[in-house]
Amino acid sequence: MQPDLSSAPSTGAASAPEHAARNRLVITLLLVSAFTVILNETIMSVALPRLMVDLDVTANAAQWLTTAFLLTMAVVIPITGFLLQRFHTRFVFTLAMSLFSAGTLVCAVAPGLGLLILGRVVQAMGTAIMMPLLMTTVMNLVPPESRGRTMGNISIVISVAPAIGPTISGIILHYLHWRWMFILVLPIGLGALALGWARLVNVTEPKKAPLDAISVPLSALGFGGLVYGLSTIGESHGGGGPVPVWLPLLVGGAVLVVFILRQLKLRDRALLNLHTFAVKVFTVSVIMMGFAMMALFGMIILLPIYMQNVLGMEPLTAGLLLLPGGLIMGLLAPGVGRAFDRVGARKLVIPGATLVSAGLWIMASFGVDTAMVWVLAAHVVLSVGLALLFTPLFTSSLGSLPQDLYSHGSAVIGTVQQVAGAAGIALFVSIMSVRIGTEMAAGAETVAATAAGLRAGFVTGAAISLLMIVAAFFVRRPPDQMPD
């Protein structure tokens, strides 16, 4: 008869030999589940044109399928620090996968855009909980000298899953109805939920954590308002929206300032403990990670538009062209993790940032007659650079924190990722839209105007990437490992 480990504390979990098999099972289950939920973050990007026709909605309305997802993630993630401290691992996992599976079911049967957006919101709630759960659990279970390899696997989830989302949706849309994007995922989510309920053991010891009632709505209004404002910049550049584009940004920013001041005042009772930023290694790594997520999500949105609307590719062709880069990121991640354990962070992130910048500058040269091989080459260069970035940044940021701040550090990283991703999408799409409008007003044809708009978006991303190269020189290995 197996001993009951359902309440096993985390003390010594990272090193106790008798817990090795248990830890591998927990981490593997969390990795597979997290990959499934994160994949859905970008699976809609190639599908939006088809949904606009099937549901008879405008592009601005259909874009809310992505905007609502990011908005929900930004609102929910700050609360996960409290959840991970207050409840057992299995309860948090069950909550995350139950929400994700319920949202997937709603999307699969939704008769119209309203319920489809609602399903995406419920999906996002589960996704928002899963990623901090994965990172916090790994930091508690894996000893410092092995974290690079394990974080390499996590970087597959965080970087590769959204990168291959457009590929998966392109293949499904070529052969099946758009509902199959959710029908095929639902049994995977339910299977992970059932397996987790049956086999997942608790590897942390919950403690009484206060929940500041004022911080929760401040977090929702601050992060939600900021992401909403960023996401509507591209839609409102013409000035015709019912709400001035600056209003949600102003309100969200002001509330966010109040939220930050309150968290600093509450210290250990904070909803999101911002004293993680007192650790220099964490701060530099998170800032650089924000730039990387802007590049990743901006590329995920702009490249499919370029390939379909300028080069005239079918969704399947566009999706398959993005597949090599996604696969390369996945194949490189474990090796990058092992290299981090040997050589540290800077020897990886400096060339990684340089390659990301090179890939974006190549994309900035794209036009109406660019050869497909150049599109593929630019995407591969960018993907290799991102693969060199994510594992060292995740490991350096969380590894630099004391154990009692792991859950809050994970929540901070998740929040920065979503806000940066939304900012990248909003910024690139806004610049693209404004440039397209200017070119069309000057008499340019639609394809040429679209190419010019996309080029402007890529130039903006390439310029931002130069800041990432500068930040790379300040990244350090966590202090509990040998120095860089």
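Please read these numbers as outputs of a predicted model, since none were measured by experiment. (Residues numbered from 1 in each chain as written. Predicted model: local features only at pLDDT ≥ 70, side-chain atom pairs only at ≥ 80, totals over all residues. Heavy atoms only, no water.)

Draft legend 1. The overall build of the protein, seen in detail. Scanning the protein for helices and strands turns up 18 helices and zero strands. Relative to its full complement of 484 residues, the protein shows a buried share of 58%. Of the contacts formed within the protein by residues at least 6 apart in sequence, a portion of 84% connects residues at least 24 apart. For the protein, the accessible area works out to roughly 18500 Å², and carbon and sulfur atoms hold 69% of it. (Helix = DSSP H or I, 4+ residues; strand = E, 2+ residues; numbered from the N terminus. Buried < 20%, exposed > 50% of the residue type's maximum accessible area, 1.4 Å probe, protein only. Contact = heavy atoms within 4.5 Å. Areas by Shrake-Rupley, 256 points an atom, 1.4 Å probe, with all protein chains shown as cover.)

Draft legend 2. How the structure looks around the environment of Ile 77. Mapping Ile 77 onto the fold places it in helix 4 (residues 64–86). Residues Ile 77 and Leu 272, 195 residues apart in the sequence, show an inter-C-alpha distance of 9.4 Å. In this view, Ile 77 contacts Ala 128, Ala 411, Gly 414, Thr 415 and Gln 418; residues no more than four positions away in its chain are not counted.

Draft legend 3. How the structure looks around the packing of aromatic side chains. Counted under the stated rule, the structure contains six aromatic pairs. Look at Phe 223 and Phe 259: their rings are 5.7 Å apart centre to centre, the planes differ by 75°, and that puts the pair in the edge-to-face class. Taken together, the residues Phe 223 in helix 10 (residues 215–232) and Phe 259 in helix 11 (residues 246–266) connect sequence positions 36 residues apart. Residue Phe 259 is classed as buried on the basis of its relative accessible area of 1%. An aromatic cluster is defined as three or more aromatic residues linked by ring pairs; in this entry it consists of Tyr 306, Phe 366 and Phe 458. (Phe/Tyr/Trp six-rings, centres within 6.5 Å; stacked < 30°, edge-to-face > 60°.)

Draft legend 4. Representation of the nonpolar core in the model. Counting 131 residues, the largest nonpolar core has Met 130, Met 288, Leu 303, Met 307, Met 363, Leu 386 and Leu 389 as its most contacted members. Per-element accounting of this core gives the leading share, 19 residues, to helix 12 (residues 280–310). Those residues within four positions of Met 307 in sequence are excluded, and the remaining contacts are Gly 312, Met 313, Ala 318, Leu 321, Leu 322 and Val 375. Formed by 21 residues, the second largest nonpolar core is a distinct cluster that contains Val 46, Leu 48, Ala 62 and Leu 65. (Core = buried A, V, L, I, M, F, W, Y, C linked by side-chain atoms within 4.5 Å.)

Draft legend 5. Expanded view of the side chain of Thr 80. Along the chain, Thr 80 falls in helix 4. Accessibility expressed as a relative area gives 1% for Thr 80, which makes it buried. Discounting residues that sit within four places of it in the chain, Thr 80 has contacts with Ala 128, Ile 129, Pro 132 and Ala 411.

Draft legend 6. A look at the pattern of salt bridges. Counted under the stated rule, the structure contains one salt bridge. We note a salt bridge from Arg 435 to Glu 439, for which the minimum N-O separation is 3.0 Å. Note that Arg 435 and Glu 439 are positioned in helix 17 (residues 406–441) at a spacing of four residues, about one turn of the helix. Classification of Glu 439 as partly exposed rests on a relative accessible area of 22%. (Salt bridge = Lys/Arg side-chain N within 4 Å of Asp/Glu carboxyl O.)

Draft legend 7. Representation of the packing of helix 1 (residues 20–39) against helix 5 (residues 89–109) within the structure. The geometry of helix 1 relative to helix 5 is characterised by a closest axis approach of 11 Å and an angle of 30° between their N-to-C directions. Taken together, the axes of helix 1 and helix 5 are roughly parallel relative to one another. In this structure, helix 1 crosses over helix 5, and the sense of that crossing is left-handed. Between helix 1 and helix 5, the residues in contact are Leu 29, Leu 30, Ser 33, Thr 36 and Val 37 and Phe 93, Met 97 and Phe 100, respectively. Residues belonging to the contact of helix 1 with helix 5 are distributed by class as follows: six nonpolar, two polar and no charged. (Axes fitted to C-alpha atoms, helices over the stretch in contact; angles between N-to-C directions. Parallel < 35°, antiparallel > 145°, perpendicular 65-115°, else oblique. Left-handed = near helix turned anticlockwise from the far one by under 90°. Nonpolar A, V, L, I, M, F, W, Y, C, P; charged D, E, K, R; others polar.)

Draft legend 8. Examining the environment of Met 313 more closely. Along the chain, Met 313 turns up in the loop between helix 12 and helix 13 (315–321). What makes Met 313 buried here is its relative accessible area of 10%. Apart from the residues lying within four places of it in its own chain, the contact partners of Met 313 are Met 307, Gln 308, Ala 318, Leu 321 and Met 372.

Draft legend 9. Highlighting the environment of Ile 188. Looking at the element boundaries, Ile 188 is found in helix 9 (residues 186–199). Between the C-alpha atoms of Ile 188 and Val 37, which are 151 residues apart in sequence, the distance is 9.9 Å.

Draft legend 10. Main features of the packing of helix 12 against helix 18 (residues 446–472). It is the contact of helix 12 with helix 18, at a shortest axis distance of 10 Å, that shows an interaxial angle of 165°. The pairing of helix 12 with helix 18 is recorded here as roughly antiparallel in orientation. Considering only the axes of helix 12 and helix 18, their crossing is left-handed. Residues Val 284, Met 288, Phe 291, Ala 292, Met 294, Leu 302, Leu 303, Ile 305, Tyr 306, Asn 309 and Val 310 of helix 12 form the contact with helix 18, whose own contacting residues are Val 447, Thr 450, Ala 451, Leu 454, Gly 457, Phe 458, Ile 464, Leu 467, Met 468, Ala 471 and Ala 472. The residue makeup of the contact of helix 12 with helix 18, split by class, is 19 nonpolar, three polar and no charged.

Draft legend 11. The arrangement of helix 11 in detail. For helix 11, spanning 21 residues, the distance from its first C-alpha to its last is 30 Å, which sits close to the expected 30 Å at 1.5 Å a residue. All of the buried residues in helix 11 are Pro 248, Gly 252, Val 255, Leu 256, Phe 259, Gln 263 and Leu 266. For helix 11, the angular spread of buried residues about the axis comes to 115°, placing them on one side. Within helix 11, the exposed residues directed more than 90 degrees away from the buried face are Trp 246, Leu 250, Leu 261 and Lys 265. Residue Arg 267 follows helix 11 closely and has a positive phi angle near 55°. (Expected span 1.5 Å × (residues − 1). Arc of directions from axis to C-beta.)

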